[in-house]
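Here are the chains, one letter per residue:
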Amino acid sequence: MFKNISFGNSAVGYDIQTLSTALDRMELAGAFYFTVPGPKMIWQFGELGYDYSIDFNGRVGNKPIRWDYFTVPDRKAVYDSWSKLIALKKEEDIFRTANFTLDVANTNGLKKIYLTLDDASGNEIKFITVIGNFGVTSQNITPDFQETGTWYNILDGDSPFEVASTTGQINLEPGEFRIYGNNPLIDPDDSDGDGISNSEDACPNTPPGAIVDVSGCEVFTLPTNNFSISTTSETCRNSDNGKITVTTGTSLNYTISVTGPNAFSISESFTTDWTLENLIAGSYRACFTVNGQPDYEQCFDLSITEPEDLSVLSKVDNNNKQITLELGGADLYFVTLNGITQETAESQILLDLKTGHNALHIATAKDCQGVYEKNVLISDDVVLYPNPVKSDINIYINGEDSQIQIQLFQMDGKLMMDEIMDVTDNRLINIPVSQLSRGQYLINIKSNTTNKTIKIIKQ
């Protein structure tokens with residue numbers, strides 16, 4: 001345990017140096033120590049996960065007494081697991097056999113032990129197969145059972161396990177182990193192995209692996225994966241075409257009751273397949289009962305959704321001639337810029353713009369989510385000088401426009417000038433402003449590729 005805490009390996013989501021995980025590994029270690037025939041010795045409080053170094057207080061010095069460990073549930077679980085394993089060693093002849101094989105040297109951490117009791121008779125356990133995953137990730141192990149047929153997980157209430165092929169694989173989570181016997185374990189005080197002592201068992205002949213109540217009688221149950229439920233959301237907002245589909249693994253006479261928004265309620269009978277259509281978006285609850293089983297009910301919470309409206313936030317960077325788009329409402333977007341369309345599943349994209357007008361159109365696979373359209377103008381460079389000015393302003397127009405509109409405004413918005421001028425070969429336009437009073441003005445320069453406003457100071 002000290003080594004687990006100090007040096008334990010780890011993987012994503014699994015760390016042996018975590019106390020609870022380290023203690024689980026002690027149960028795994030016990031399954032491989034105690035099932036090997038022969039005497040064993042447990043170090044001080046080892047059955048409770050004692051985690052002090054052998055060198056604490058000197059190698060032969062006194063070590064702390066930790067009776068308080070017994071009150072820690074995870075530590076008590078190690079104690080209980082080891083107790084069961086030791087009871088097996090003491091009570092079952094197969095754990096004292098001389099015919100056993102260890103397969104424990106694999107570098108992947110998958111380990112196996114095989115026990116054989118050659119003179120087993122009747123319902124005695126003749127074969128034991130112990131499997132464990134000492135790795136830190138989920139792995140498949142080939143148990144190589146000694147024979148096919150029904151085996152029993154003897155630490156899990158003798159739950160049956162059908163072995164159709166001795167080379168079939170079993171998935172083990174990191175730290176998981178199982179002990180299988182070819183016959184169920186028979187406890188003299190619990191003849192049917194259901195965990196209820198014979199003196200309190202009202203149903204003494206329940207089959208191996210059956211789930212029982214406190215009186216030892218079998219409780220009706222279904223596999224955890226018996227109900228396969230899928231939901232289909234609305235194709236558009238307010239289309240009211242959501243759907244719930246149910247398939248069962250066991251064919252029985254079921255009743256399903258579904259409640260939902262706006263006091264929706266329905267109850268119907270079926271056996272294996274059932275569908276409910278034309279549902280509005282919202283939260284639903286589906287509960288299943290089985291005819292003839294009054295105490296059985298299993299419920300599921302379901303959700304029918306509807307697509308959001310397309311949302312687009314755009315930010316234009318004139319200096320770098322780019323636009324950033326934040327997209328929302330769908331899983332796939334069709335972005336058309338200047339006649340070229342691209343598909344994207346990203347929620348943020350960056351596009352390069354050309355000088356002049358850029359036509360942007362964004363849609364999704366569903367027309368009902370709407371479209372987004374925008375015309376983005378990237379202006380050519382415009383140079384205005386001098387500024388401040390006394391008599392004439394020179395405006396240099398970069399680009400290929402042959403005409404340009406010049407508007408002059410006072411700061412209060414009053415229009416002083418509005419003219420369309422031809423752009424000469426030297427791309428230079430002269431504006432006389434000597435007649436203007438001293439102060440501040442705004443000049444707006446507009447063309448097919450330019451739309452720019454510049455503040456000037458008249459001296």
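Residues numbered from 1 in each chain as written. Predicted model: local features only at pLDDT ≥ 70, side-chain atom pairs only at ≥ 80, totals over all residues. Heavy atoms only, no water.

Participant: I'm lost on the overall build of the protein chain in this one. Help?
Facilitator: Check the secondary structure of the protein chain and you find three helices and 31 strands. In terms of overall size, the protein chain is more extended than a compact globule, its C-alpha atoms giving a radius of gyration of 40 Å where 459 residues would be expected to give roughly 23 Å. Overall, the C-alpha framework of the protein chain stretches about 120 × 70 × 40 Å when taken along its three principal axes. The buried share of the protein chain, reckoned over its 459 residues, is 38%. For the protein chain, contacts bridging at least 24 residues in sequence account for 52% of all contacts bridging at least 6. Carbon and sulfur atoms make up 48% of the accessible area of the protein chain, which amounts to about 25,400 Å² in all. (Helix = DSSP H or I, 4+ residues; strand = E, 2+ residues; numbered from the N terminus. Rg over C-alpha atoms; globule rule 2.2 N^0.38 Å. Buried < 20%, exposed > 50% of the residue type's maximum accessible area, 1.4 Å probe, protein only. Contact = heavy atoms within 4.5 Å. Areas by Shrake-Rupley, 256 points an atom, 1.4 Å probe, with all protein chains shown as cover.)

Participant: Where do I start with helix H2 (residues 19-33) in this structure?
Facilitator: Since one α-helical turn is 3.6 residues long, residues separated by three or four positions face the same way. An ideal rise of 1.5 Å per residue puts 21 Å on 15 residues; H2 measures up with 21 Å between its terminal C-alpha atoms. The element H2 is extensively covered by neighbouring structure, given that 11 of its 15 residues are classed as buried. Taken residue by residue, H2 has Thr21, Ala22, Leu23, Arg25, Met26, Glu27, Leu28, Ala29, Gly30, Ala31 and Phe32 as its buried positions. (Expected span 1.5 Å × (residues − 1).)

Participant: What should I look at first to understand the side chain of Asn358 in this one?
Facilitator: Here Asn358 is to be found in strand E23 (residues 356-364). Here the side chain of Asn358 touches Asn338 through a polar contact of 3.0 Å, side chain to side chain. Discounting residues that sit within four places of it in the chain, Asn358 has contacts with Leu337, Asn338, Leu353, Lys374, Asn375, Val376 and Ile378. (Polar contact = N/O pair within 3.5 Å; in protein donor to acceptor, adjacent residues only side chain to side chain.)

Participant: Just to check I follow, could you spell out the sheet that holds strand E19 (residues 322-328) for this structure?
Facilitator: The pairing of strands in a sheet comes from backbone hydrogen bonds and takes either a parallel or an antiparallel form. Ordered in space as E18-E19-E22, the three strands form an open sheet in which the pairing is antiparallel. This sheet does not close on itself; its edge strands, each paired only once, are strand E18 (311-317) and strand E22 (348-352). Averaged over all adjacent pairs, the angle separating strand axes in this sheet is 20 degrees, with direction ignored. Two strands pair when backbone bridges link them, and E19 and E22 are joined in this way by five bridges, in the antiparallel orientation. Note on E22: the bridge partner recorded for Thr324 is Leu350. (Pairing = 2+ DSSP bridges. Axes fitted to C-alpha atoms, helices over the stretch in contact; angles between N-to-C directions.)

Participant: Teacher, can you tell me more about the nonpolar core here?
Facilitator: The tendency in soluble globular proteins is for nonpolar side chains to be buried as a group. Ranked by internal contacts, the top residues of the largest apolar core, which has 24 residues, are Ile94, Phe95, Ile128 and Ile179. It is H2 that provides the largest number of residues to this core, a total of six residues. Excluding anything up to four places from it in sequence, Ile94 contacts Leu115, Thr116, Leu117, Ile125, Lys126, Phe127 and Ile128. Within the second largest apolar cluster, 21 residues are counted, among which are Val389, Ile393, Ile395 and Tyr441. (Core = buried A, V, L, I, M, F, W, Y, C linked by side-chain atoms within 4.5 Å.)

Participant: Just checking my understanding: could you explain the state of the cysteines for this structure?
Facilitator: Taken as a whole, this structure holds three disulfides when the rule is applied. Linked covalently through their sulfurs, Cys287 and Cys299 form a disulfide whose S-S length is 2.1 Å. With the S-S bond torsion at 115 degrees, the cross-link from Cys287 to Cys299 turns out right-handed. Highlighted residues: Cys287 in strand E16 (residues 282-290) and Cys299 in strand E17 (residues 293-304), separated in sequence by 12 residues. For the protein chain, the bonded cysteines pair up as 1-2, 3-6, 4-5 when numbered in the order they occur along the sequence. (Disulfide = S-S within 2.5 Å.)

Participant: Looking at this model, I keep getting lost on the layout of surface pockets. Mind explaining?
Facilitator: Vacant regions in the atomic arrangement are exposed by a probe of water-molecule size rolled over the atoms. There is about 860 Å³ of room inside the largest pocket. Taken together, 29 residues form the lining of the largest pocket, with Met1, Met26, Ala29, Tyr33 and Trp82 sitting closest to its centre. When residues in the lining of the largest pocket are grouped by element, the largest group, six residues, is from H2. For the lining of the largest pocket, the per-class residue count stands at 21 nonpolar, four polar and four charged. (1 Å grid on protein atoms, 1.4 Å probe; cavity = no way out; pocket = protein on both sides within 12 Å on 5 of 7 lines; lining within 4 Å. Points joined across faces, edges and corners; volume = space filled by probe spheres on them. Nonpolar A, V, L, I, M, F, W, Y, C, P; charged D, E, K, R; others polar.)

Participant: Explanation requested: unusual backbone geometry in the structure shown.
Facilitator: Note: most residues except glycine have negative phi, and most peptide bonds are trans. For the bond from Tyr385 to Pro386, the omega torsion is -10 degrees, close enough to zero to count as cis. In this chain, Asn387 is followed by Pro388 through a cis amide linkage whose omega measures 10 degrees. Phi at Asp144 is positive, roughly 55 degrees, even though this residue is not glycine. You can see Asp144 is positioned in the loop between strand E6 (139-141) and strand E7 (149-153). Its relative accessible area of 34% is what places Asp144 among the partly exposed residues. Despite not being glycine, Lys321 has its phi angle at roughly 55 degrees, a positive value. Mapped onto the fold, Lys321 is located in the loop between E18 and E19. For Lys321, a relative accessible area of 33% corresponds to the partly exposed category.

Participant: For this particular structure, what's the right way to read the packing of H2 against helix H3 (residues 73-91)?
Facilitator: For any two helices packed against each other, the geometry is given by the interaxial angle and the distance between the axes. The interhelical angle for the contact between H2 and H3, taken along N-to-C directions, is 5 degrees, at an axis separation of 9 Å. When the axis of H2 is compared with that of H3, the two are roughly parallel. Of the residues in H3, those in contact with Leu19, Ser20, Leu23, Met26, Glu27, Gly30 and Ala31 of H2 are Asp74, Arg75, Ala77, Val78, Ser81, Trp82 and Leu85. Here the residues of the contact of H2 with H3 sort into eight nonpolar, three polar and three charged. (Parallel < 35°, antiparallel > 145°, perpendicular 65-115°, else oblique.)

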